[in-house]
Amino acid sequence: MPAAPSAGARPGEPAAGARIQAILSAGKIDPLFVSGTFMVNRKYRCACALIGLLSWSGASAQSVVRVPMFEKGSSTYYVKATVQGTGATDFMVDTSAGYVVIDEDMLQELINVSQAEYVNEFQGVLADGTEIVVPIYRVSSIMIGDRCVVPDVEVAVFPSGTRCILGMNVLRKAAPFTISIDPPRLSLSRCRAPLAGM
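Residues numbered from 1 in each chain as written. Predicted model: local features only at pLDDT ≥ 70, side-chain atom pairs only at ≥ 80, totals over all residues. Heavy atoms only, no water.

### Considering the pattern of salt bridges
Turning to step 1, where the next piece is worked out: As enumerated under the stated definition, the model contains five salt bridges in all.
Turning to step 2, where the next piece is worked out: Residue Glu-154 is joined to Arg-138 by a salt bridge in which the shortest nitrogen-to-oxygen separation is 3.2 Å. Here the residue Glu-154 occupies a position in strand 8 (residues 148-158), and Arg-138 occupies one in strand 7 (residues 131-144), the gap between them amounting to 16 residues.
Turning to step 3, where the next piece is worked out: On the accessibility criterion, Glu-154 (24% relative accessible area) is partly exposed.
Turning to step 4, where the next piece is worked out: When salt bridges that share partners are traced, they join Glu-117, Arg-138, Asp-152 and Glu-154 into one network. (Salt bridge = Lys/Arg side-chain N within 4 Å of Asp/Glu carboxyl O. Helix = DSSP H or I, 4+ residues; strand = E, 2+ residues; numbered from the N terminus. Buried < 20%, exposed > 50% of the residue type's maximum accessible area, 1.4 Å probe, protein only.)

Here it is in structure tokens:
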């Protein structure tokens, strides 16, 4: 039976829960909650929690892995993640970034253990306006937290010292996903279990 429209919905318009679920299933976050990097206006903390509840109810058949996030000033949030072939690193959660970002130092670690495959490159622009060539590599997997492994991920490589970023290409693979602020947490639905030794 179709869900009844929410109060205030226009005729023929899906209920609020269905609209929110569609956004999250596609791995998209409403601009109300995101600006540039993952920044959240505290005013909407309750609304964020509501989105989480609605999306989880629609994904009850899947096993949800909840990964703690931590804040590093300016309302930017990070998770611990491990690219196969390296150690655990802080990755900033950034829903405006198309790719996972690593720096040249991490790439060298991966190349040393044959865990990075060159794919292609594109022209990128740094914050100061400098144009650079950004190589794209494929890595075997990224483990987000300690229980969510996402296989076969492309990463963009930026100069040494660039902060690592968890971008949309990996978040889409783990969608539907939700982000909650109280407590800070990234919840992912399509994860593989980690292999022994990861």
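### Examining the confidence of the model for the protein
Turning to step 1, where the next piece is worked out: Looking at the protein as a whole, the pLDDT averages 76, with 67% of positions reaching at least 70.
Turning to step 2, where the next piece is worked out: Predicted confidence for residues 1-61 stays below pLDDT 50, and this span has 80 contacts to residues more than four positions away or in other chains. (pLDDT = per-residue confidence, 0-100. Contact = heavy atoms within 4.5 Å.)

### Regarding unusual backbone geometry
Turning to step 1, where the next piece is worked out: With omega at 0°, the peptide bond leading from Ala-175 into Pro-176 counts as cis.
Turning to step 2, where the next piece is worked out: On the secondary structure map, Pro-176 appears in the loop between helix 4 (168-173) and strand 10 (177-181).
Turning to step 3, where the next piece is worked out: Phi is positive for Ser-114, close to 55°, though the residue is something other than glycine.
Turning to step 4, where the next piece is worked out: For Ser-114, the position within the fold is in the loop between helix 3 (104-112) and strand 6 (116-125).
Turning to step 5, where the next piece is worked out: Classification of Ser-114 as exposed rests on a relative accessible area of 65%.

### Describing the nonpolar core
Turning to step 1, where the next piece is worked out: Counting residues in hydrophobic clusters, the biggest one holds 35 residues, and the most contacted among them are Val-79, Phe-91, Ile-102, Ile-142, Ile-144, Leu-186 and Leu-188.
Turning to step 2, where the next piece is worked out: The contacts of Phe-91, once residues within four sequence positions are left out, are Tyr-77, Tyr-78, Val-79, Ala-81, Val-83, Val-100, Val-101, Ile-102, Met-106, Cys-164, Ile-165 and Leu-166.
Turning to step 3, where the next piece is worked out: Judged by nonpolar contacts, the second largest core, of 10 residues, contains Ile-132, Val-134, Ile-136 and Ile-165. (Core = buried A, V, L, I, M, F, W, Y, C linked by side-chain atoms within 4.5 Å.)

### Things to note about the environment of Val-64
Turning to step 1, where the next piece is worked out: Mapping Val-64 onto the fold places it in the loop between helix 2 (45-58) and strand 1 (65-68).
Turning to step 2, where the next piece is worked out: For Val-64, a relative accessible area of 17% gives the class buried.
Turning to step 3, where the next piece is worked out: Sequence-wise, Val-64 and Arg-190 are 126 residues apart; in three dimensions their C-alpha atoms are separated by 7.6 Å.

### As for the environment of Pro-135
Turning to step 1, where the next piece is worked out: Tracing the sequence through the fold places Pro-135 in strand 7.
Turning to step 2, where the next piece is worked out: Between the alpha carbons of Pro-135 and Val-155 there is a distance of 8.4 Å; along the sequence they are 20 residues apart.

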